[in-house]
Amino acid sequence: MYLYRREPRELAERLGVDCSKFVGPTVPVVYNADFRDPAAYFLATKFDMRDKDVLFAANAATVDTAKFLQFVRVVIATANDTVVTANNAQILRITSRQ
């Protein structure tokens, strides 16, 4: 999870941000919380949102893999359905002759 926020220049400098590239009283800062670490969750519950804050929730690394595997499953299932239908038709033809 990422939080984009404009912080006062003094606070950004105390956080170690290089403010030399920015003019004005506020500096853009991006905070990152990795929720795989339980401590990040507890820290985030104490982090107040402000007007004009922007949140970005990135996909987990496994989401793209899951999407690909779902696509492969659909392709295989489509091919398998065709084979099953042809097999069932053949079985019906054989049983109807008897």
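In this text the structure is predicted, and so the values were computed from the model without any measurement. All residue numbers here refer to positions counted from 1 along the written sequence of the relevant chain. Side-chain atom pairs in this predicted model are given and counted only at pLDDT of 80 or more, local residue features only at pLDDT of at least 70, and totals for whole chains, interfaces and linings cover all residues. For the side-chain quantities, the full set of heavy atoms in the structure was used; hydrogens and water were omitted.

### Some remarks on the sheet that holds strand 3 (residues 54-56)
And then number 1: We call two strands paired when DSSP finds no fewer than two bridges between them. A run of DSSP states H or I qualifies as a helix once it reaches four residues; a run of E qualifies as a strand once it reaches two. Both are numbered from the N-terminal end. Pairing is antiparallel in the open sheet, where three strands are placed in the order 2-1-3. Single-partner strands in this sheet number two, and they are strand 2 (26-32) and strand 3. Averaged over all pairs of adjacent strands, the angle between their axes in this sheet comes to 30°, without regard to strand direction.
And then number 2: With seven bridges connecting them, strand 1 (residues 2-8) and strand 2 associate as antiparallel partners. Bridge pairing in strand 2 links Y4 to V30. Here, axes are lines fitted to C-alpha atoms. For helices the fit covers the stretch in contact, and angles between N-to-C directions go from 0 to 180 degrees.

### Remarks on the pattern of salt bridges
And then number 1: The term salt bridge refers to a pairing of a side-chain nitrogen on Lys or Arg with a carboxyl oxygen on Asp or Glu at a separation within 4 Å. This model, assessed by the stated rule, comprises four salt bridges.
And then number 2: E7 is paired through a salt bridge with R5; the nearest N and O atoms lie 3.7 Å apart.
And then number 3: Between E7 and R50 there is a salt bridge, and its shortest N-O distance comes to 2.9 Å. Of the two residues, E7 is situated in strand 1 and R50 in the loop between helix 2 (38-45) and strand 3; the sequence distance between them amounts to 43 residues.
And then number 4: Burial here depends on accessible area, computed with a 1.4 Å probe over protein chains only, as a share of the maximum for the residue type. Under 20% is buried, over 50% is exposed, and the range in between is partly exposed. For E7, a relative accessible area of 1% puts it in the buried group.
And then number 5: Its relative accessible area of 42% is what places R50 among the partly exposed residues.
And then number 6: Three or more residues are tied together by salt bridges with common partners; here these are R5, E7, R50 and D53.

### Some points on the pairing of strand 1
And then number 1: Relative to strand 3, strand 1 is paired through three bridges, and the arrangement is antiparallel. Looking across to strand 3, one finds that L3 is bridged to L55.

### Section: the environment of A61
And then number 1: Mapped onto the secondary structure, A61 falls in helix 3 (residues 61-97).
And then number 2: On the basis of relative accessibility, which here comes to 70%, the residue A61 falls in the exposed class.
And then number 3: Along the primary structure A61 and R5 are separated by 56 residues, whereas in three dimensions their C-alpha atoms are 25 Å apart.

### Topic: a nonpolar patch on the surface
And then number 1: Candidate patch residues must exceed 30% relative accessible area and have no salt bridge, after which like charges are joined if within 9 Å and Val, Leu, Ile, Met, Phe, Trp or Tyr side chains if within 5 Å. Using a 1.4 Å probe, the Shrake-Rupley method yields the accessible areas, and only the shown protein chains count as cover for residues. Where nonpolar side chains cluster on the molecular surface, the patch consists of M1, F35, Y41, F42, M49 and L55 and spans about 640 Å² of accessible area.
And then number 2: Looking at the element boundaries, M1 is found in the segment before strand 1.
And then number 3: Judged by its relative accessible area of 35%, M1 falls in the partly exposed class.

### Describing the side chain of R9
And then number 1: Within the secondary structure, R9 is located in helix 1 (residues 9-14).
And then number 2: Positive charges come from Lys and Arg, negative ones from Asp and Glu, while His and the chain ends are left out of the count. No salt bridge is formed by the buried R9; its nearest oppositely charged neighbour, E13, is found at 4.4 Å.
And then number 3: Contacts: residue pairs with any heavy atoms within 4.5 Å of one another. Apart from the residues within four sequence positions on either side, R9 is in contact with C19, F22, V23, G24, P25, T26 and V27.

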